[in-house]
Structures are given as C-alpha cells and as structure tokens.
Amino acid sequence: MSTNDIAQTIREKALWMRRRAFTMVFDARLGHPGGDFSAIDIIATLYFGVMRYDPAKPEMAERDRFIMSKGHATGALYTGLCAAGYFPEDWLKTYMQPQSKLNGHPNRNYLPGVETNTGPLGHGVPVALGIAIAGQLTNADYRTFVLTGDGELQEGSNWEAAMTAGNRKLGKLTLIVDRNRLQQGMGTEETNGLDPLDDKFRAFGWDVEMVDGHDVDALVTALSEPAGGRTKPLCIIANTIKGKGVSFMENIASWHHGVPNAEQHTTALEELI
C-alpha cells in the first residue's frame, strides 16, 4: 500500500471513529468526547499505519503493545479496537451498560486488544516502562507505545518512569502526549504548568519530536521506526485540539466529559463528513 493510501485509510477510519464514538456517548449519556476527539487521529494512525498486531491472535508474542494511559477516553480506544477487528461493531451499542464489556475504563479481562487496565492517571507510563524493559531483557522485537493526556503528566509517577526509561535507553518505547492543553475544568498551564515539556523530556534522556496531532502524514512519519532503530526512548508531543472536528466542542474544557443533547448530536454528525 502506498503512503498516500495509508494516510487516506487512516483519515477514513478516524472519521468513522469520531462519528461512532459521539453516538456512543449520546446513547449512553456518559463519556469523555472532548478527549476522545483529540486522541482519535493518533490512535487511528497507530492501528492503521504503524503497529504490528493480529486481532485474531491478540496475545501473539511479537505484537506491538499499546497502552491507553488516558483510560477515560474509551470512546477513542473502543472504536479503534473495533475498527481494527478485535470485536464486532454490535458491541459498541453496549457502551457503559450494566454487564457490558465496554466499561468506562478499559479492562483487559473483558476486551481483546487491551494490554492493561487503565484509568487512574499516571499509571500507564510506568506499565509501558515495565513492558519495554521486559522486551529489552529478552531481546524482543516488539515496540511499546503509550498515549497520555497532558494533564496526566502532572502525576509524579510519570517522571519516575521517564527517568528510568532514559537511563535504560529504551529505544523501543514511544510515549505520545495528547497535548490539547485542557484538563477537567480549565487549562493545564493554569492548573500546574508543563512547559517547556520538550526540554523536560530531553533532560531525562529522551528523543523528542513535536507534531500536529491531527496531521496524519506527520504522525506516520514521527511514529515509524527509523532504519537501525533508536538508542533513546521517544516522546512525541502531539499538539491537538480537544473536541477536534465538532465546532461547538473544540477547545471547550466542559466537553471533557460533556454529553450531547439530540440537537448537538445531529449537528455533530452533519459536521463529521
């Protein structure tokens, strides 16, 4: 498949994921659509342009690992897993329902493709660190990817993991920061400032790239492993827009966990074409 074909596939999958995720939140009357929409292009790029996996063999040893550290953004994760073939689309209709496999936070005991349970913020990067160290110790070929929210980086456990990753030179570990600059209630820089985020990761021994988190071509390039691999872990700071793709959600903190009414649902689907 050509580079242009890959990028077009990613865009088509991301559009489907946005439409489906918004309807899931509307039907369930629960969810985190703002953070879903800032992350969807990243997740679609990973599953349809970068990662090695087989949904028919979700535990195959050579698979790349993806940890969704911002575990509350399940609309993005579940639609990505569904689009990648891990489970049938009908399952999405059960989102947040009692006894559903599609909980508010992902559970690896219920869903194929979920590497670890997440939701308590600050835990995904340490888990990804452990997975990457295991691969290093066994000379495994898999890569480990972890997606965090930017507000989540206010948790100290992430920086302990970052220090260890840099010290161990984990070249097969990639951290992607969904840098939408909003968290529950207000901006990240108003709450506990993170900038200069790139310099902080470099000081911990990481390679750092900054990209537009909605530019599929830039994401594919940044996330692809270079010839010969890396000698340092990679942090990709993906500058994103919370609620990307729906005019009344974009850059509005209240859509962190907002639920659309019927009129908003219709408007959003009209815009997502």
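For the structure, check the block above.
Keep in mind that this is a model prediction, so the values were computed, not measured. Here the residue numbers are simple positions, counted from 1 along each chain's written sequence. Since the coordinates come from a predicted model, pLDDT governs what is reported: local features require at least 70, and pairs of side-chain atoms require 80 or more to be given and counted, while whole-chain, interface and lining totals use all residues. To obtain the side-chain values, all non-hydrogen atoms of the structure were included, while hydrogens and water were left out.

### Observations concerning the side chain of Arg-20
Only DSSP runs of H or I covering at least 4 residues are called helices, and only runs of E covering at least 2 are called strands; the numbering of each starts at the N terminus. The topology assignment puts Arg-20 in helix α1 (residues 3-28). Only protein chains enter the area calculation, which uses a 1.4 Å probe; residues under 20% of their type maximum are buried, those over 50% are exposed, and those in between are partly exposed. Using a relative accessible area of 14% as the deciding quantity, one classes Arg-20 as buried. Aside from chain neighbours lying at most four places away, what touches Arg-20 is Thr-79, Glu-89, Leu-92 and Lys-93. Residue contacts are defined here by distance: any two heavy atoms, one from each residue, within 4.5 Å place the two residues in contact.

### Some thoughts on the sheet that holds strand β7 (residues 234-239)
By definition, two strands form a pair when at least two bridges between them are found by DSSP. Strand order across the open sheet formed by five strands is β1-β2-β3-β7-β6, with parallel pairing between neighbours. A strand with exactly one partner marks an edge of an open sheet, and here the two such strands are β1 (65-68) and β6 (207-212). Taking each pair of neighbouring strands and ignoring which way they run, the sheet shows an average axis angle of 20°. As judged from the four bridges shared by β1 and strand β2 (residues 144-149), these two strands associate in the parallel manner. Directly across from Ile-67, in β2, lies its bridge partner Val-146. Against the sheet, helix α8 (residues 216-223) contacts β2, β3 (173-179), β6 and β7, and its axis sits at roughly 165° relative to β6. Angles run from 0 to 180 degrees between N-to-C directions of axes, and those axes are lines fitted to C-alpha atoms, restricted for helices to the stretch in contact.

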